[in-house]
Amino acid sequence: TLSPFDRAITHALFKVNPLDKGATQVSILIDEDRVSFLDMSWLEACSQEGKRVKEAGFPQPRINYNPVCDAAYAAVTRGSSSSSSRPTLARTPSRAAAAPSASSDAL
């Protein structure tokens, strides 16, 4: 599903790094109890057990609600299927490389 408002979303999975102090930006409402934000190890445990396991024993990322983060992602990925819509990047020479230095004049 691509809509953060889809009521069918029950879990959002992340690779949780316990040393990471930053928060992950999500566009799924976090005020509701309908979505669990968990480490991917939860899904692996469900697969191993062959059933849905309780979420309580698994790492949870720090989450911040950001309603525009999906819009930003869409803007970045828009046109990724066609090269004509991508901006063209050009290499610009450095001013330091273009201007002679005082030390090179002394040699």
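Residues numbered from 1 in each chain as written. Predicted model: local features only at pLDDT ≥ 70, side-chain atom pairs only at ≥ 80, totals over all residues. Heavy atoms only, no water.

Caption draft 1: Geometry of the overall build of the chain. In terms of helices and strands, the chain carries four helices and four strands. Listing the helices and strands of the chain from first to last along the sequence gives β-β-β-α-β-α-α-α. Classification of the 107 residues of the chain by burial places 21% in the buried group. Partitioning the intrachain contacts of the chain with sequence separation of at least 6 by distance along the chain shows that 63% fall at a separation of at least 24. As displayed, the chain has an accessible area near 8,700 Å², and 55% of this comes from carbon and sulfur atoms. (Helix = DSSP H or I, 4+ residues; strand = E, 2+ residues; numbered from the N terminus. Buried < 20%, exposed > 50% of the residue type's maximum accessible area, 1.4 Å probe, protein only. Contact = heavy atoms within 4.5 Å. Areas by Shrake-Rupley, 256 points an atom, 1.4 Å probe, with all protein chains shown as cover.)

Caption draft 2: Just the nonpolar core, in detail. Within the largest apolar cluster, eight residues are counted, these being I9, A12, F14, V26, I28, V35, F37 and I63. By size, the runner-up hydrophobic cluster in this structure holds five residues, among which are L38, W42, A45 and C46. (Core = buried A, V, L, I, M, F, W, Y, C linked by side-chain atoms within 4.5 Å.)

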